[in-house]
Amino acid sequence: MLTQERCSNRLNERRAPEKGAEVLEFAVVLTVLLSLLFGIFTMARGYNIYQTITRAAREGARAAVLPSSAATGGAYMDASGVSQANSTVFQNYIAPALRAANLDPDRVANYSEQVSWLDAGDPSQQCGVKISFQYPYTLFLPMLQSNLTTIQIGTHVQMRRENPPSDGTCP
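No experiment lies behind these values; they were computed from the predicted model shown.

Give me the lowdown on unusual backbone geometry, citing residues and values where you can.
The backbone phi angle of N102 is positive, close to 60°, even though this residue is not glycine. Here N102 shows up in the loop between α3 (88–100) and β1 (109–118). The exposure class of N102 is exposed, given its relative accessible area of 71%. Although it is not a glycine, N110 sits at a positive phi angle of roughly 55°. The topology assignment puts N110 in strand β1.

See below:
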């Protein structure tokens, strides 16, 4: 028994300098794990914003390419080059889609709605609508006092017009 007791004491003496090492390791691992977790959430939110603005632009382009009824002359919703404030497509389709995802339509930058030829240089080119804009996203980590940076997430959507004019023009 004395031998076993001596061995036990020697083993405890060897472990004494390692007291508290587990707490330090836990603190280091927890810091790395939380940083990774916040990074994943931040990048996922950025990707969510990209998907949302792309979907909103598709909704706007889909509405812009459809002509109105034959009774009203088959006119299209907007002319080329309208501003964001004057765009029926933006006000009635894009802005509500952004609001539905809790994004502020007033933060949209560089809005462009163009009616032009798609795939220029292709002999079978078609008339269509191109919608593009950017939305700001601020990278944020709660552990830092300031925001890291604001990036502009952009989207560009184009769709061909239904029933384009037969005279070969693209108004």
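Moving on, there is more to tell.
Residue-level account of the sheet that holds β1, with values.
In space, the 3 strands of this open sheet follow the order β1-β2-β3, with antiparallel pairing throughout. Bordering the open sheet on either side are β1 and β3 (149–160), each of which pairs with just one other strand. Across the sheet, the axes of successive neighbouring strands diverge by a mean angle of 15°, strand direction being ignored. Summarising the sheet, β1 and strand β2 (residues 126–139) pair through 8 bridges and their orientation is antiparallel. Directly across from A109, in β2, lies its bridge partner Q134. With respect to the sheet, α3 is in contact with β1 and β2, its orientation differing from that of β1 by roughly 110°.

Any chance you could break down the nonpolar core for me, citing the residues and the numbers?
Within the largest apolar cluster, 27 residues are counted, with the highest numbers of intra-cluster contacts made by I53, I94, Y111, I131 and F133. Broken down by secondary-structure element, the contributors of at least two residues to this core are α2 (21–65), α3, β1, β2 and β3. Not counting residues up to four positions away in its chain, the partners in contact with I94 are A56, G60, V89, Y111, I131 and F133.

Before we move on, can you summarise the pattern of salt bridges with the specific residues and values?
Taken as a whole and judged by the stated rule, the model has 1 salt bridge. In this structure, E59 engages R62 in a salt bridge whose closest nitrogen and oxygen atoms are separated by 3.4 Å. With E59 and R62 both in helix α2 and 3 residues apart, this pair spans about one turn of that helix. Among the residues examined, R62 registers a relative accessible area of 38% and is labelled partly exposed.

Lay out the packing of aromatic side chains with the relevant residues and their values.
Applying the stated rule across the entire model yields 3 aromatic pairs. Between Y47 and Y50 the ring centres are 6.4 Å apart and the planes differ by 35°, which places this aromatic pair in the tilted class. With Y47 and Y50 both in helix α2, this residue pair falls 3 residues apart, about one helical turn. When its relative accessible area of 52% is taken as the criterion, Y47 is described as exposed. Ring geometry for Y111 versus F133: centroids 6.2 Å apart, planes at 35°, classification tilted. Of the two residues, Y111 sits in strand β1 while F133 sits in strand β2, which places them 22 residues apart along the sequence. Members of the aromatic cluster, each reached through a chain of ring pairs, are F90, Y111 and F133.

Can you tell me about α3, naming the residues and giving the values?
Over its 13 residues, α3 runs 18 Å from end to end, which matches the ideal 18 Å to within 8%, given 1.5 Å per residue. Residue I94 marks the point of greatest curvature in α3, where the axis turns by about 35°; the proline P96 follows within four residues. Among the residues making up α3, those that are buried are V89, F90, I94, A95, A97 and L98. Buried residues belonging to α3 abut α2, β1 and β2. Taking the backbone nitrogen of V89 as reference, a side-chain oxygen 3.3 Å away marks S87 as the first, capping residue of α3. After α3 finishes, the residue N102 shows a positive phi value of roughly 60°.

Conventions and cut-offs
- Residues numbered from 1 in each chain as written.
- Predicted model: local features only at pLDDT ≥ 70, side-chain atom pairs only at ≥ 80, totals over all residues.
- Heavy atoms only, no water.
- Helix = DSSP H or I, 4+ residues; strand = E, 2+ residues; numbered from the N terminus.
- Buried < 20%, exposed > 50% of the residue type's maximum accessible area, 1.4 Å probe, protein only.
- Pairing = 2+ DSSP bridges.
- Axes fitted to C-alpha atoms, helices over the stretch in contact; angles between N-to-C directions.
- Contact = heavy atoms within 4.5 Å.
- Core = buried A, V, L, I, M, F, W, Y, C linked by side-chain atoms within 4.5 Å.
- Salt bridge = Lys/Arg side-chain N within 4 Å of Asp/Glu carboxyl O.
- Phe/Tyr/Trp six-rings, centres within 6.5 Å; stacked < 30°, edge-to-face > 60°.
- Expected span 1.5 Å × (residues − 1).
- Bend = angle between axes of the 7 residues up to and from the residue.
- Polar contact = N/O pair within 3.5 Å; in protein donor to acceptor, adjacent residues only side chain to side chain.

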